[in-house]
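# Understanding the architecture of this molecule
Given next are the chains, with one letter for each unit.
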Amino acid sequence: GQPLCAWRTFLDTNDQNHASWGEFKEACKKVCFNGNIGGAWRHLDADTSGQISLQEYDPHSADILASFKEWIENNFGCVEFAFRSMDTDGSGSVCFSELKRACHRLGWQGC
């Protein structure tokens, strides 16, 4: 599957970069998970903080996003300026080809 998509769609629905036990139970209900919900939670909440982070849920995606954020900050200073700079056609949004071109030009390989 696509763990990052699942994270954004079902677990971190409020963009807080973590999911609580209640959010996790609700996500399990939405995807009709009938397994051991408590056991799955204990497995994912590796640091027993009472929340799961993207790093705990999908370390690979978390590493890619952290790498992208670092690349943005090093090359543009902030996300807003980065996306304004990448929007070469002035449409107010960045299409995949614009993003790909900027990443290639400035050397971000995806992690």
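Whatever comes next refers back to the structure up there.
I will try to describe carefully the structure that is included in this document.

Cut-offs and rules
- Residues numbered from 1 in each chain as written.
- Predicted model: local features only at pLDDT ≥ 70, side-chain atom pairs only at ≥ 80, totals over all residues.
- Heavy atoms only, no water.
- Salt bridge = Lys/Arg side-chain N within 4 Å of Asp/Glu carboxyl O.
- Helix = DSSP H or I, 4+ residues; strand = E, 2+ residues; numbered from the N terminus.
- Core = buried A, V, L, I, M, F, W, Y, C linked by side-chain atoms within 4.5 Å.
- Buried < 20%, exposed > 50% of the residue type's maximum accessible area, 1.4 Å probe, protein only.
- Contact = heavy atoms within 4.5 Å.
- Disulfide = S-S within 2.5 Å.
- Phe/Tyr/Trp six-rings, centres within 6.5 Å; stacked < 30°, edge-to-face > 60°.
- Patch = residues over 30% accessible without salt bridge, like charges linked within 9 Å, V, L, I, M, F, W, Y side chains within 5 Å.
- Areas by Shrake-Rupley, 256 points an atom, 1.4 Å probe, with all protein chains shown as cover.
- Axes fitted to C-alpha atoms, helices over the stretch in contact; angles between N-to-C directions.
- Parallel < 35°, antiparallel > 145°, perpendicular 65-115°, else oblique.
- Left-handed = near helix turned anticlockwise from the far one by under 90°.
- Nonpolar A, V, L, I, M, F, W, Y, C, P; charged D, E, K, R; others polar.
- Arc of directions from axis to C-beta.
- Polar contact = N/O pair within 3.5 Å; in protein donor to acceptor, adjacent residues only side chain to side chain.

## Some thoughts on the pattern of salt bridges
- Per the stated rule, a full pass over the model turns up three salt bridges.
- Ionic pairing is found between Glu-80 and Arg-84, a salt bridge with its closest N-O pair at 2.9 Å. Of this pair, Glu-80 and Arg-84 are both found in helix H6 (residues 79-86), four residues apart, which corresponds to roughly one turn of the helix.

## A few points about the nonpolar core
- Judged by nonpolar contacts, Trp-7, Leu-11, Ala-19, Phe-24, Ala-27, Cys-28, Trp-41, Leu-44, Ile-52, Leu-54 and Ala-62 together constitute the single largest core of 11 residues.
- Elements represented by at least two residues in this core include exactly helix H1 (3-11), helix H2 (21-30) and helix H3 (37-44).
- Among the elements that make up this core, the one with the highest residue count is H2 (three residues).
- If sequence neighbours within four positions are ignored, Ile-52 has contacts with Trp-7, His-18, Ala-19, Phe-24, Trp-41, Leu-44 and Asp-45.
- In this structure, Trp-71, Phe-76, Met-86 and Ala-102 belong to the second largest nonpolar core, which totals nine residues.

## What about the state of the cysteines?
- Inspection of the entire model under this criterion finds zero disulfides.
- With no disulfide of its own, Cys-95 has Cys-103 as its nearest cysteine by sulfur position, at a separation of 12 Å.

## Thoughts on the packing of aromatic side chains
- Per the stated rule, a full pass over the model turns up nine aromatic pairs.
- With 5.7 Å between their ring centres and 75° between their planes, Trp-71 and Phe-76 make a pair best called edge-to-face.
- Exposure remark for Trp-71: the relative accessible area of 7% places this residue in the buried category.
- Counting every residue linked through ring pairs, the aromatic cluster contains Phe-68, Trp-71, Phe-76, Phe-81 and Trp-108.

## So, a nonpolar patch on the surface
- On the surface, Phe-10, Val-31 and Phe-33 cluster together to form a nonpolar patch covering roughly 240 Å² of accessible area.
- Its location among the elements puts Phe-10 in helix H1.
- Residue Phe-10 is classed as partly exposed on the basis of its relative accessible area of 30%.

## A few points about the packing of H2 against H3
- Put simply, H2 and H3 touch, their axes get as near as 11 Å, and they point 125° apart. Classified by the angle between their axes, H2 and H3 sit oblique to one another. The interaxial crossing formed by H2 with H3 has right-handed handedness. Contacts from Trp-21, Phe-24, Lys-25 and Cys-28 in H2 reach Ile-37, Gly-38, Ala-40, Trp-41 and Leu-44 in H3.
- Residues of the contact of H2 with H3, tallied by class, amount to seven nonpolar, one polar and one charged.

## Here's the deal with H3
- Of the positions making up H3, those classed as buried are Gly-38, Trp-41 and Leu-44. All buried residues of H3 lie within an arc of 130° about the axis, which places them on one face of the element. In H3, the exposed positions angled more than 90 degrees off the buried face are occupied by Arg-42 and His-43.
- Structurally, H3 contributes buried residues whose contacts are with strand E1 (18-20), H2, strand E2 (51-53) and helix H4 (54-57).
- Backbone nitrogen of Gly-38 and a side-chain oxygen of the N-cap are separated by 3.3 Å at the start of H3; the cap is Asn-36.

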